[in-house]
Amino acid sequence: MSGVVIIGAGPGIGQAVARRFAREGLPVALVARSQETLRSAVPGALTATADAGDEKALTAALDTIAAEHGVPDAVVYNAAVIRPDRPADLTLDDHLGRWAVNVGGAIVTAARLLPAMAGRGRGSFLVTGGMPEPKAAYLSLSLGKAGIRTLVTALHEEYGPAGVHAASITVGGVVAPGTAFDPDDIAEHYWRLHLQPRAAWEHEVRIGC
């Protein structure tokens, strides 16, 4: 059946992307930390709960979705810990916990799903980026989004030749309806990237930056 898998299906970008793909008739599968979040998402979507920073829980959720929907057409990684923290604010364990969500979950997701997508010869892996310039007041997020950009480059090198399009959507401001960072407008970029022919692949789209 295929479709789109979205990790980090909150009420902003995650659910807007889910609605955009659903409008095209694609089956939607959503992963979020709580059932409360998932209840407000797309009607009829397949849902699974997992913390994106918990490898075992995330892997189990992805396996459940794959068993139901098969190899996805598109995967969207939208999970992040968005909290202010300065260089002296966090312990190493704190940083590792935030890195696990901001980057580690994307690595786990890619490792679980992209080999099968590459074996089929097509698909897209789209990651929500941010922090186009690092900020001391958001150190862990700045480090995480820099890691995401590097991950996209590595995934393109590894799976691009087999037909998997890896790209990030870098959002340069606070997401809110009716602004320059309206989630429904941002979701259009995910759909556009998913449809891009191989000869025209972009690997980063920057919004408002």
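Residues numbered from 1 in each chain as written. Predicted model: local features only at pLDDT ≥ 70, side-chain atom pairs only at ≥ 80, totals over all residues. Heavy atoms only, no water.

1. Brief notes about the overall build of the protein
Inference 1: Along the protein, the regular secondary structure elements total six helices and seven strands.
Inference 2: The linear arrangement of helices and strands in the protein, starting from the amino end, is β-α-β-α-β-α-β-α-β-α-β-α-β.
Inference 3: The C-alpha radius of gyration computed for the protein amounts to 16 Å, which stays within 12% of the reference 17 Å derived for 209 residues, consistent with globular compactness.
Inference 4: Along the three orthogonal principal directions, the C-alpha set of the protein runs to about 50 × 40 × 35 Å.
Inference 5: In the protein, 68% of the contacts between residues at least 6 apart in sequence involve partners at least 24 apart.
Inference 6: Side chains of the protein carry 18 positive and 21 negative charges; the gap between the two charge centres is 2 Å. (Helix = DSSP H or I, 4+ residues; strand = E, 2+ residues; numbered from the N terminus. Rg over C-alpha atoms; globule rule 2.2 N^0.38 Å. Contact = heavy atoms within 4.5 Å. Lys, Arg positive; Asp, Glu negative; His and termini not counted. Charge placed at Lys NZ, Arg CZ, Asp CG, Glu CD.)

2. Remarks on the environment of Gln-196
Inference 1: On the secondary structure map, Gln-196 appears in the loop between α6 (183–195) and β7 (204–207).
Inference 2: Note on Gln-196: relative accessible area 12%, which makes it buried.
Inference 3: Note: C-alpha distance between Gln-196 and Leu-151 (45 residues apart in sequence) is 20 Å.
Inference 4: Those residues in contact with Gln-196 that sit more than four places away from it in its chain are His-165, Trp-201 and Glu-202.
Inference 5: Of the polar contacts made by the side chain of Gln-196, one reaches the side chain of Glu-202; its length is 2.4 Å. (Buried < 20%, exposed > 50% of the residue type's maximum accessible area, 1.4 Å probe, protein only. Polar contact = N/O pair within 3.5 Å; in protein donor to acceptor, adjacent residues only side chain to side chain.)

3. Some words on α6
Inference 1: The end-to-end C-alpha distance of α6, which contains 13 residues, comes to 19 Å, matching closely the 18 Å that a straight helix rising 1.5 Å per residue would cover.
Inference 2: Taken residue by residue, α6 has Pro-183, Ile-186, Ala-187, Tyr-190, Trp-191, Leu-193 and His-194 as its buried positions. One face of α6 carries all of its buried residues, which in axial projection span an arc of 160°.
Inference 3: Looking at the buried side of α6, the elements it contacts are α1 (13–23), β4 (74–77), β5 (123–130), β6 (164–171) and β7.
Inference 4: You can read the cap of α6 off the contacts: a side-chain oxygen lies 2.8 Å from the backbone nitrogen of Asp-184, and it is on Asp-182. (Expected span 1.5 Å × (residues − 1). Arc of directions from axis to C-beta.)

4. As for the layout of surface pockets
Inference 1: A volume near 1100 Å³ is recorded for the largest pocket.
Inference 2: As for the largest pocket, its lining consists of 39 residues, and the residues nearest its centre are Asn-78, Ala-79, Ala-80, Val-81 and Ile-82.
Inference 3: The biggest single contributor to the lining of the largest pocket is β5, with three residues.
Inference 4: The class makeup of the residues in the lining of the largest pocket is 20 nonpolar, 13 polar and six charged. (1 Å grid on protein atoms, 1.4 Å probe; cavity = no way out; pocket = protein on both sides within 12 Å on 5 of 7 lines; lining within 4 Å. Points joined across faces, edges and corners; volume = space filled by probe spheres on them. Nonpolar A, V, L, I, M, F, W, Y, C, P; charged D, E, K, R; others polar.)

5. Concerning the pattern of salt bridges
Inference 1: Per the counting criterion, the structure on display carries ten salt bridges.
Inference 2: Between Glu-24 and Arg-20 there is a salt bridge, with the nearest N and O atoms lying 2.5 Å from each other.
Inference 3: Given the relative accessible area of 40%, Glu-24 is considered partly exposed.
Inference 4: As a salt-bridge pair, Glu-188 and Arg-23 come within 3.4 Å of each other at their nearest N and O atoms. (Salt bridge = Lys/Arg side-chain N within 4 Å of Asp/Glu carboxyl O.)

6. Examining the packing of helix α4 (residues 92–120) against helix α5 (residues 139–159)
Inference 1: Direction vectors running N to C along α4 and α5 enclose 15°, while the axes themselves pass 9 Å from each other. Here α4 lies roughly parallel to α5, going by the angle between them. The element α4 and its partner α5 pack so that their crossing is right-handed. Residue-level inspection shows His-95, Arg-98, Trp-99, Asn-102, Val-103, Ala-106, Ile-107, Ala-110, Leu-114, Pro-115 and Ala-118 of α4 in contact with α5, the latter providing Leu-139, Ser-140, Leu-141, Leu-143, Gly-144, Gly-147, Ile-148, Leu-151, Leu-155 and Tyr-159.
Inference 2: Split by residue class, the contact of α4 with α5 holds 15 nonpolar, five polar and one charged. (Axes fitted to C-alpha atoms, helices over the stretch in contact; angles between N-to-C directions. Parallel < 35°, antiparallel > 145°, perpendicular 65-115°, else oblique. Left-handed = near helix turned anticlockwise from the far one by under 90°.)

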